[in-house]
2 protein chains.
Amino acid sequence: MKYFIDRLQQKIEAKDSRICVGLDPHLELIPENVLAPELLNDLEANQKEIAAAVLKYNQNLLDAVADMTAVVKPQMAFYEKLGVPGMEALWQTMAYAKSKGLLVLLDGKRNDIGSTAGAYAEAYLENKKIEIDSITINPYLGRDGVLPFLENKEKGAFALLRTSNPSAVDIQDLKLDDGRTVYQAVGNFLQELGRDYIGDCGYSNLAAVVGATYPKELKEIRAQLDSVFFLIPGFGAQGGGAADIKAGFDSEGRGAVVNSSRGINFAYRKDEYAHFGADNYAKAARAAAEKMKNEINEVIK
Amino acid sequence: MKYFIDRLQQKIEAKDSRICVGLDPHLELIPENVLAPELLNDLEANQKEIAAAVLKYNQNLLDAVADMTAVVKPQMAFYEKLGVPGMEALWQTMAYAKSKGLLVLLDGKRNDIGSTAGAYAEAYLENKKIEIDSITINPYLGRDGVLPFLENKEKGAFALLRTSNPSAVDIQDLKLDDGRTVYQAVGNFLQELGRDYIGDCGYSNLAAVVGATYPKELKEIRAQLDSVFFLIPGFGAQGGGAADIKAGFDSEGRGAVVNSSRGINFAYRKDEYAHFGADNYAKAARAAAEKMKNEINEVIK
């Protein structure tokens, strides 16, 4: 029995890569040779064909970046948008990622009261055919919405702490009467809750999501939480750069992965990689992933 | 064009029923004549058969309670647990509820940053074949995680404010430096955000979830938020009674619906309704729904 967090940290070190490749199929950005744009005129009628294109798109991406990343993160919304066929494409994408030896972090931000949180944990972390490794969750409901996701020590959960979006401040930055912000209190809460789930690497199976777009907060949160592993989204398309995320790692360059979704998935649309052309989107994605991997390794070493 | 919240309030008044029937198919509680228990020994292998049983179970329930309720609330976790066939059963359940003239509140507690929240809104509130009326959401990400669900004024969103579970206190009850709790601040935030979406009935398409299990808090929140409609879960199985929820309604008995899931779905298991027998679970559910409807009407009149 190996703790999820140890499996993750080891795979990161084996590949010397601290990136997480998001799999967010924005339909209107998928090249025409994979997804015929006219199918998008009637999403409901064409769910099956579009979902098949999404799966093909993802498989090509995974082939291109599999040796470059330890973990991939499909964002459920983009699959749920395609109804039942979309969920089918999601499961097949995850199965394909697993067949490539990658860890899967399913980004669904599930949250509910105890018995229902248990149903979600069972739905995604206890599937016997496709062993999903971890899931994102929302901590607003407190511990009974979190603990069901930690019952199986081979699996992990990433709870929202400080998100990468502009309106993260609305609730997360409210000031408490003890001087902390809400997100700092959530951080302390997650660290305490995760103490019973710490692996050999010193980090807990209860990890946290801290956006790259708020480097000051990231630094301060890292200093406070020494056993909480971070997923750092917001790199690339959302504006965070390699220097911004340095503070999310510990002094040995451990304890975090940095996610990029659009910046890798649709790299072919950026000037820098336009020479690959839309048909070679997977090669462009590989180049972008390699650059990101190297940039991060550079700043943390 | 009619505001979601006006459609809801009118249907409640037309049926003189302030209940919401949850559709939470706890598999181990479904009677043997609908779902053969041995199928549960291998959930993954038997997803299709189990999902078919769930759909049948729900259709019978809906037939039995359709004239007794304005709105039904399927909890996604229980369907997602059955993988792709489960999602199929969910969509078919929602289509069936719509064919019976019921409003659907999809309980998925979705939450994400702006563009992804938009994808969820599109996935569930913009489906052209099955017109889902509303969805539950989590407010922790702030306004850009909420507003995409309000773009279509014919649809609504129910944001978590004070949940019904024991550990609701962990984050929601933290004290702010201005004397409010986090949940009170979330309440004020939701009321402000919802001001642009107020229908003729005086309530907003941005509604809130406030548990029946905390009657003191419910009363205080109602007093503060005069344009926020409430979904009140936790009635019945979770311990809330009719007297507890009275304070959630306004002085005219408007502005809220009270949810019961297990208490109605599996009423046949309670002593009170055991005489119906497991085969007549739908009749037992109808009796429980009628009793709940009358009890609530009693206390608010």
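Residues numbered from 1 in each chain as written. Chains lettered and ligands numbered in written order. Predicted model: local features only at pLDDT ≥ 70, side-chain atom pairs only at ≥ 80, totals over all residues.

**Some words on the overall build of chain A**
So, step 1. Scanning chain A from terminus to terminus reveals 11 helices and eight strands.
So, step 2. Over its C-alpha trace chain A gives a radius of gyration of 19 Å, about what one expects of a compact globule, namely 19 Å for 301 residues.
So, step 3. Oriented by its inertia axes, the alpha-carbon framework of chain A measures out at about 55 × 45 × 40 Å.
So, step 4. The burial tally for chain A puts 60% of its 301 residues in the buried class.
So, step 5. A separation of at least 24 residues holds for 71% of the contacts in chain A among residues at least 6 apart in sequence. (Helix = DSSP H or I, 4+ residues; strand = E, 2+ residues; numbered from the N terminus. Rg over C-alpha atoms; globule rule 2.2 N^0.38 Å. Buried ≥ 20, exposed ≤ 12 C-beta atoms within 10 Å, placed from the backbone. Contact = placed C-beta atoms within 7 Å.)

**A closer look at helix 4 (residues 83-99) of chain A**
So, step 1. Over its 17 residues, helix 4 of chain A runs 25 Å from end to end, which matches the ideal 24 Å to within 8%, given 1.5 Å per residue.
So, step 2. Within the sequence span of helix 4 of chain A, burial applies to A:Gly83, A:Val84, A:Pro85, A:Gly86, A:Met87, A:Glu88, A:Ala89, A:Leu90, A:Thr93, A:Met94 and A:Ala97.
So, step 3. Looking at the buried side of helix 4 of chain A, the elements it contacts are strand 1 (19-23), helix 2 (47-65), strand 2 (71-74), helix 3 (76-80) and strand 3 (103-110) of chain A together with helix 4 (83-99) of chain B.
So, step 4. Where helix 4 of chain A terminates, the next one or two residues include A:Gly101, which has phi positive at roughly 80°. (Expected span 1.5 Å × (residues − 1).)

**Some remarks on helix 4 of chain B**
So, step 1. When you tally the buried positions in helix 4 of chain B, you get 12 out of 17 residues, the bulk of the element.
So, step 2. Three or more residues of helix 4 of chain B are buried, namely B:Gly83, B:Val84, B:Pro85, B:Gly86, B:Met87, B:Glu88, B:Ala89, B:Leu90, B:Thr93, B:Met94, B:Tyr96 and B:Ala97.
So, step 3. If you follow the buried residues of helix 4 of chain B, they end up packed against helix 4 of chain A together with strand 1 (19-23), helix 2 (47-65), strand 2 (71-74), helix 3 (76-80) and strand 3 (103-110) of chain B.

**Quick notes on the interface of chain B and chain A**
So, step 1. At the junction of the two partners, chain B supplies 51 residues and chain A supplies 51 residues.
So, step 2. Of all elements in the fold, only helix 3, helix 4, helix 5 (114-125), helix 6 (169-172) and helix 7 (182-194) of chain B reach the threshold of two or more residues within the side of chain B that touches chain A.
So, step 3. For the side of chain B that touches chain A, the residue count by class is 23 nonpolar, 14 polar and 14 charged. (Nonpolar A, V, L, I, M, F, W, Y, C, P; charged D, E, K, R; others polar.)

**Points about the packing of helix 2 of chain B against helix 4 of chain B**
Residues and elements named next belong to chain B.
So, step 1. Two numbers describe how helix 2 lies on helix 4: the axes approach to 8 Å, and their chain directions differ by 15°. With respect to their mutual orientation, helix 2 and helix 4 come out roughly parallel. In this structure, helix 2 crosses over helix 4, and the sense of that crossing is right-handed. Contact residues: Gln47, Lys48, Ala51, Val54, Leu55, Asn58, Gln59 and Leu62 in helix 2; Gly83, Pro85, Gly86, Glu88, Ala89, Gln92, Thr93, Tyr96 and Ala97 in helix 4.
So, step 2. Across the contact of helix 2 with helix 4, the residue classes break down as eight nonpolar, seven polar and two charged. (Axes fitted to C-alpha atoms, helices over the stretch in contact; angles between N-to-C directions. Parallel < 35°, antiparallel > 145°, perpendicular 65-115°, else oblique. Left-handed = near helix turned anticlockwise from the far one by under 90°.)

**What to know about the relation of the copies chain B and chain A**
So, step 1. Rotating chain B by 180° about the axis while translating it 0.0 Å along that axis superimposes it on chain A, leaving an RMSD of 0.0 Å. In short, the pair behaves as if placed about a two-fold rotation axis.
So, step 2. Interface residue correspondence from chain B to chain A reaches 100%, placing this contact among same-surface, isologous pairings. (Least-squares fit on C-alpha atoms with pLDDT ≥ 70 in both.)

**Section: the sheet that holds strand 5 (residues 156-162) of chain B**
Residues and elements named next belong to chain B.
So, step 1. The sheet built from eight strands closes into a barrel, its strands ordered 1-2-3-4-5-6-7-8 with parallel pairing. Ignoring which end each strand starts from, the neighbouring axes of this sheet average 30° apart.
So, step 2. Pairing analysis gives three bridges linking strand 1 to strand 8 (residues 256-260), with the strands arranged parallel. Counted as the bridge partner of Cys20 is Asn259 from strand 8. (Pairing = 2+ DSSP bridges.)

**Digging into the environment of A:Leu102**
Residues and elements named next belong to chain A.
So, step 1. Within the secondary structure layout, Leu102 lies in the loop between helix 4 and strand 3.
So, step 2. Leu102 gets classed as buried once you count the C-beta atoms within 10 Å, which come to 23.
So, step 3. Separated by 31 residues in sequence, Leu102 and Asp133 have C-alpha atoms that sit 9.5 Å apart.

**Topic: the pairing of strand 4 (residues 134-137) of chain A**
Residues and elements named next belong to chain A.
So, step 1. Burial of the side chains of strand 4 extends over both faces: Ser134 and Thr136 are buried on one face and Ile135 and Ile137 on the other.
So, step 2. Pairing geometry for strand 3 and strand 4, over three bridges, is parallel. Bridging from a neighbouring strand, Arg110 pairs with Ile137 of strand 4.
So, step 3. Handedness of the crossover is the feature at issue here: the chain leaves strand 3, passes through helix 5 (residues 114-125), returns alongside strand 4, and the resulting connection is right-handed.
So, step 4. As judged from the four bridges shared by strand 4 and strand 5 (residues 156-162), these two strands associate in the parallel manner. Looking across to strand 5, one finds that Ser134 is bridged to Gly156. (Right-handed = clockwise from strand over helix to strand, strands pointing away.)

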